[in-house]
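For reference, the chains in residue letters:
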Amino acid sequence: MTDYLFSAPPVMSVPVRGIEAQFPINRLFFVGRNYHAHAVEMGRPVDKSVERPFYFTKAPQTLTPSGATVAYPPETGNYHFEMEMVVAIGKAGFRVKAEDAHTLIYGYAAGLDMTRRDLQLVARDKGRPWDLGKDVEQSSVCSDIVPMPGVIIDIGAIALEVNGQTKQSSNVDKLIWNVREIIADLSLFYHLQPGDLIYTGTPEGVGPVVAGDHITGRVEGVAEVALTVGAAE
Ligand code: MN
């Protein structure tokens, strides 16, 4: 057994609905600008005929279970919610063809890609990395994973409320790059592994939260997700 100087960081994991074993996390991938109306609200419309999807990653340590209360994060005055459908990868794949993409899928979850929007936009506009805007502690919220091996979800409502008031309401059939296309494209860059999660992007209506806000969201046919924002540390 390896001796470590101090306790090794824990393996991050997510509960699986109906199964006692946890889903251990390898990597967290996020698709940028994957709904037209959200791309437009961010001032960066997408022309699929000439563009490819792009991605960012967050550390697995940013994972936070649905239902948690998290402190309003430091160094931001514009902390935003982004409601997303999450694909859980259960089999390895590299250079996967779109028609074979379903074979990698273990299941789905409902997730939140919480974002320091002020810092993300500064980084974007200065050509800097997005890490301080996106790789925020406790910012990758995930529901239980719902096992749906081999299933492609290409339709279903996706919605989010803050304090019961609807902020986002769309459908995953509006994804610019659908689940098959994302898995095929991402697997050109990465050897996808069991334990990878792919947050597929947020629809329009993103906005800020303040301490005391309660976020609820859902992906139809998958799961619900919730988060409470506490006072800043
Ligand atoms: Mn996002």
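Here the structure is shown first, and the text comes after it.
Residues numbered from 1 in each chain as written. Predicted model: local features only at pLDDT ≥ 70, side-chain atom pairs only at ≥ 80, totals over all residues. Heavy atoms only, no water.

Enquirer: Help me out: how do you make sense of helix α2 (residues 117–126) in this one?
Expert: Among all positions in α2, only Arg117, Gln120, Ala123 and Arg124 are buried. The arc enclosing the buried residues of α2, seen along the axis, measures out at 130 degrees, which places them on a common side. For α2, the exposed residues set more than 90 degrees away from the buried face come down to Asp125 and Lys126. Check the buried side of α2 and you find it contacts β7 (79–81), β10 (115–116) and α3 (131–134). Gly127 sits one or two positions beyond α2 and adopts a positive phi of about 70 degrees. (Buried < 20%, exposed > 50% of the residue type's maximum accessible area, 1.4 Å probe, protein only. Helix = DSSP H or I, 4+ residues; strand = E, 2+ residues; numbered from the N terminus. Arc of directions from axis to C-beta. Contact = heavy atoms within 4.5 Å.)

Enquirer: How should the environment of Lys91 be read in this particular structure?
Expert: Position of Lys91 relative to the elements: it lies in the loop between β8 (83–89) and β9 (105–113). Judged by relative accessible area, Lys91 falls into the exposed class, the value being 52%. Residues Lys91 and Pro65 lie 26 residues apart in sequence; the distance between their C-alpha atoms is 23 Å. With residues up to four places along the chain from it excluded, the contact list for Lys91 reads Thr103, Leu104, Leu192 and Pro194.

Enquirer: Would you take a moment to explain the coordination of the manganese ion for this structure?
Expert: Geometry reference: four tetrahedral donors at a metal, ideal angle 109.5 degrees. Six octahedral donors, ideal angles 90 or 180 degrees. On the protein side, the manganese ion has Glu82 (OE), Glu84 (OE) and Asp113 (OD) as donor atoms, found 2.0 to 2.1 Å from it. The sequence pattern formed by the donor residues of the manganese ion is E-x1-E-x28-D. Placement of the pair is Glu82 in the loop between β7 and β8 and Asp113 in strand β9, with a sequence separation of 31 residues. Accessibility expressed as a relative area gives 4% for Glu82, which makes it buried. (Donors = N, O, S within 2.8 Å, 3.2 Å for Na, K, Ca; no water.)

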